[in-house]
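# Structural features, examined
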Amino acid sequence: MIFKRVGDGRPYPDHGLDSRGWADLPPRQVRLDELVTTKDTLRLDTLLDEDSTFYGDLFAHVVLWKGDLYLEDGLHRALRAALQQRSVLHARVHQAADQ
């Protein structure tokens, strides 16, 4: 098993973070098997593209909400890590307010 659960959508409230807001969060290691995905599909051409992070953040974006870690952005990075036999991913983690 790669992920804790495969989800379809973001169950947490809108956090309002833009790219600058995400950049202010320090990256940390997150275990792949603790992540819940917010997407249930991926594009193989993006997964296999070595330059897929060229224009984006180098780190995945994860939202901590109600005790679960939701992988908001970085599904392809996470799968590449799993294919390389790594169990962790470097990510920026935002703690969303429980409502």
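Model, not experiment: these values are computed from the prediction. (Residues numbered from 1 in each chain as written. Predicted model: local features only at pLDDT ≥ 70, side-chain atom pairs only at ≥ 80, totals over all residues. Heavy atoms only, no water.)

Moving on to the side chain of His 94. Secondary-structure assignment places His 94 in strand E6 (residues 88–95). Judged by its relative accessible area of 18%, His 94 is buried. Look past the residues within four positions of His 94 in its chain and what remains in contact with it is His 15, Leu 17, Trp 22, Leu 25, Val 62, Val 63 and Leu 64. (Helix = DSSP H or I, 4+ residues; strand = E, 2+ residues; numbered from the N terminus. Buried < 20%, exposed > 50% of the residue type's maximum accessible area, 1.4 Å probe, protein only. Contact = heavy atoms within 4.5 Å.)

Moving on, we come to the nonpolar core. Residues Phe 3, Leu 35, Val 62, Leu 71 and Leu 89 are the most contacted members of the largest nonpolar core, which totals 15 residues. Where this core is concerned, the elements lending two or more residues are strand E4 (60–65), strand E5 (68–73), helix H3 (75–83) and E6. It is H3 that provides the largest number of residues to this core, a total of four residues. Residue contacts for Val 62: discarding those within four places in its chain leaves Trp 22, Leu 35, Leu 69, Tyr 70, Leu 71, Glu 72, Ala 91, Arg 92, Val 93 and His 94. One finds Tyr 12, Trp 22, Val 63 and Ala 96 within the second-largest nonpolar core, a separate group that totals seven residues. (Core = buried A, V, L, I, M, F, W, Y, C linked by side-chain atoms within 4.5 Å.)

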